[in-house]
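Chain residues, written in single-letter form:
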2 protein chains.
Amino acid sequence: MSRKRPIYEGKAKVLYEGTEPGTIIQYFKDDATAFNAQKRGTIAGKGVLNNMITEFVMLRLAEIGIPTHFMRRLNMREQLVRKVEIVPIEVVVRNICAGSMAKRLGLEEGMKLPRPIVEFYYKDDDLGDPMVSDEHVLALGWATPEELEEIVGYSLRINDYLCGLMRGIGIKLVDFKLEFGRIFDNEFSQLVLADEFSPDNCRLWDAITNEKMDKDRFRRDLGGVEEAYQEVARRLGVLPESAEIESLNKDATT
Amino acid sequence: MSRKRPIYEGKAKVLYEGTEPGTIIQYFKDDATAFNAQKRGTIAGKGVLNNMITEFVMLRLAEIGIPTHFMRRLNMREQLVRKVEIVPIEVVVRNICAGSMAKRLGLEEGMKLPRPIVEFYYKDDDLGDPMVSDEHVLALGWATPEELEEIVGYSLRINDYLCGLMRGIGIKLVDFKLEFGRIFDNEFSQLVLADEFSPDNCRLWDAITNEKMDKDRFRRDLGGVEEAYQEVARRLGVLPESAEIESLNKDATT
Ligand SMILES: Nc1ncnc2c1ncn2[C@@H]1O[C@H](COP(=O)(O)OP(=O)(O)O)[C@@H](O)[C@H]1O
Ligand SMILES: Nc1ncnc2c1ncn2[C@@H]1O[C@H](COP(=O)(O)OP(=O)(O)O)[C@@H](O)[C@H]1O
Ligand SMILES: [Mg+2]
Ligand SMILES: [Mg+2]
């Protein structure tokens, strides 16, 4: 880690300058935060698992034609990605009402929505990532109408694919957050999926028991947080040997 | 079986009058045909497995908002569905080049297509289900422009979802065939997914070994046909106890 130049330290990842121009390295930490960083903690091995899960999901999405920033996993905690200009919008797709939506709209958590709902949040930690509508996005120039249409189209395709992927391993995809970015090629700009896809950024419920298998276990102090992340990785077939995680956890603390 | 009034006997299923008005019963046979019925045989237990697999897929697709004809499974070989007016088009979605497409276009079987390709075939056994374009569909009035747009939209969503579902259980969805139908409600008509989804109508390759897990094993005399259908059902979590299948096979022959 120390040889590389850090560009940005976020809540769950550190970004380093990449080995090639136009690339960056995402280092996945075990740090966990919730409620806009009011609650802090660590989830042992999370960084390793989120690195693996994100790699798997990005590769699968590329296979169905979703452009992504992912290039390759470098090691247990790092992946090389294309550097992008992040569109300052967090895109949330919801299939089942939960979390802030249940609270804000007075709806029951667990209610199946009549159709997937796409929400936008303005990416600004100081403001607490406020919800916005396409009106704000377009009027304030955070994305062009063409970009927004593409973002919604990709998000719904990703939702369909990942609903299937998760259902195949006995999991309901309740909701998830995506970020998109721009890659510039002369005067042209291409939208790609960026950031990560992991239990940090989605809600996953066991299809039979409805047991939570995501960061809500941490947010709500439900216990079994590490085990839940491991179980998602195991069902996806990307759980590393536990010995490997343990040795990495030692690395990280020494 | 014998108490119900048969409406139509197809190659893989028999349709009976349903127990309620506007419904029919699909009875899944073990009969298998290929190359427009020039090759004939049976696949022991296929009807049971295709009944289970179709039920599972139709329920999952309904969950993501695809309207289907499926109402409920009645027993090991039968399911109750809404009676529809079948749109006389077989819709084929391809992710990887295989079968007739490889042959017709001189392409290599196994070539990943740049994007999913939607094909239409005119449903007419005597003509050998000839390939047609949207021009034929629209000019000959087999579907309205609005219906065709809806059919393509549903087919691509189904493709995304099922690619994910299959990938979750270690299977590549190479291609598949769908049929749609109309349900009339006074002057309005609604499109729904009809017929079946089973290894009879799609190509499924193991994600690691590329081993074929579908009717191509029968078409190409590769052996292990029953085992392949069973393995698909097992991975989807819908394989009935083998004792149940055996007793049903006995039923069917007595
Ligand atoms: N390919 C990329 N290029 C540039 N920035 C990226 C890329 N992918 C993700 N990012 C940004 O890097 C940061 C990842 O760190 P993270 O700990 O998730 O941050 P945050 O605390 O903002 O959630 C995010 O701000 C994300 O927008
Ligand atoms: N809900 C439905 N209502 C009416 N007909 C249907 C429905 N679902 C499927 N069918 C038709 O029933 C037949 C099913 O039998 P099958 O053995 O698959 O026939 P085929 O030999 O034509 O493939 C097909 O012709 C199909 O179009
Ligand atoms: Mg983040
Ligand atoms: Mg048929």
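Residues numbered from 1 in each chain as written. Chains lettered and ligands numbered in written order. Predicted model: local features only at pLDDT ≥ 70, side-chain atom pairs only at ≥ 80, totals over all residues. Heavy atoms only, no water.

As annotated in an unreviewed UniProt entry, chain A is Phosphoribosylaminoimidazole-succinocarboxamide synthase from Thalassospira mesophila. Under the Catalytic activity (unreviewed entry) heading, UniProt states for chain A: "5-amino-1-(5-phospho-D-ribosyl)imidazole-4-carboxylate + L-aspartate + ATP = (2S)-2-[5-amino-1-(5-phospho-beta-D-ribosyl)imidazole-4-carboxamido]succinate + ADP + phosphate + 2 H(+)". (UniProt positions renumbered as here; feature names shortened; annotations may be inferred.)

Attention now moves to the sheet that holds strand β6 (residues 70-73) of chain A. All names here are of chain A. A sheet is described by the order of its strands in space; here five strands give the open sequence β1-β2-β3-β7-β6, paired in antiparallel fashion. Each edge of the open sheet carries a strand with a single partner, namely β1 (6-9) and β6. The sheet shows a mean angle of 25 degrees between the axes of neighbouring strands, direction not considered. Note: β1 against strand β2 (residues 13-17), three bridges, orientation antiparallel. Of the residues in β2, the one forming a bridge with Glu9 is Val14. Along the sheet, helix α1 (residues 46-63) makes contact with β3 (23-28), β6 and β7 (78-82), crossing β6 at roughly 135 degrees. (Pairing = 2+ DSSP bridges. Helix = DSSP H or I, 4+ residues; strand = E, 2+ residues; numbered from the N terminus. Axes fitted to C-alpha atoms, helices over the stretch in contact; angles between N-to-C directions. Contact = heavy atoms within 4.5 Å.)

So, about the packing of α1(A) against helix α6 (residues 225-236) of chain A. How two helices pack is summed up by the angle between their axes together with the distance between the axes. Residues and elements named next belong to chain A. Taken N-terminus to C-terminus, the directions of α1 and α6 make an angle of 35 degrees; their axes are 10 Å apart at the nearest point. The chirality of how α1 crosses α6 is left-handed. For the pair α1 and α6, contact is made by Lys46, Leu49, Asn50, Ile53 and Phe56 and by Tyr229, Gln230, Val232, Ala233 and Leu236, respectively. Here the contact of α1 with α6 is composed, by residue class, of seven nonpolar, two polar and one charged. (Left-handed = near helix turned anticlockwise from the far one by under 90°. Nonpolar A, V, L, I, M, F, W, Y, C, P; charged D, E, K, R; others polar.)

Glancing now at the packing of aromatic side chains. What characterises a pair of aromatic rings is the spacing of the ring centres plus the angle enclosed by the ring planes. In this structure the tally under the stated criterion is seven aromatic pairs over all chains. Ring geometry for A:Tyr16 against A:Tyr27: centres 6.5 Å apart, planes inclined by 90 degrees, an arrangement best described as edge-to-face. Note that A:Tyr16 is positioned in strand β2 and A:Tyr27 in strand β3, a separation of 11 residues in sequence. You can call A:Tyr27 buried: its relative accessible area is 11%. Directly above the ring of A:Phe56 sits A:Arg60, whose terminal nitrogen or CZ lies 4.7 Å from the centroid. The ring of B:Tyr16 has B:Lys4 lying over it, and the distance from NZ or CZ to the ring centre is 5.8 Å. (Phe/Tyr/Trp six-rings, centres within 6.5 Å; stacked < 30°, edge-to-face > 60°. Buried < 20%, exposed > 50% of the residue type's maximum accessible area, 1.4 Å probe, protein only. Lys NZ or Arg CZ within 6 Å of the ring centre and 35° of its normal.)

Looking now at the pairing of strand β14 (residues 202-206) of chain A. All names here are of chain A. Burial analysis of β14 places five of its five residues in the buried class, which makes it a mostly covered element. In β14, alternate side chains face the same way, and those of Cys202, Leu204 and Asp206 on one face and Arg203 and Trp205 on the other are all buried. Bridging between strand β12 (residues 171-185) and β14 involves five bridges; their strand directions are antiparallel. The residue bridging Asp175 from the neighbouring strand is Arg203, located in β14.

This paragraph deals with the UniProt feature "domain: SAICAR synthetase/ADE2 N-terminal" (unreviewed entry) in chain A. Per the UniProt record, "domain: SAICAR synthetase/ADE2 N-terminal" (unreviewed entry) is annotated on residues 7-235 of chain A. Annotated as residues 7-235 of chain A, this span is 31% helix and 35% strand, and its ends, taken at the C-alpha atoms, are 34 Å apart.

The next thing to look at is α6(A). The α-helix winds at 3.6 residues per turn, so residues separated by three or four positions along the chain end up facing the same way. All names here are of chain A. In this model, α6 (12 residues) spans 17 Å end to end at C-alpha, consistent with the 16 Å of a helix rising 1.5 Å per residue. Taken together, the buried positions of α6 are occupied by Val225, Ala228, Tyr229, Val232, Ala233 and Leu236. Projected down its long axis, α6 carries its buried residues within an arc of 135 degrees, all on one side. Against α1, α4 (145-168), β12, β14 and α5 (216-219) lie the buried residues of α6. Following α6 by one or two positions, Gly237 adopts a phi angle in the positive range, close to 80 degrees. (Expected span 1.5 Å × (residues − 1). Arc of directions from axis to C-beta.)

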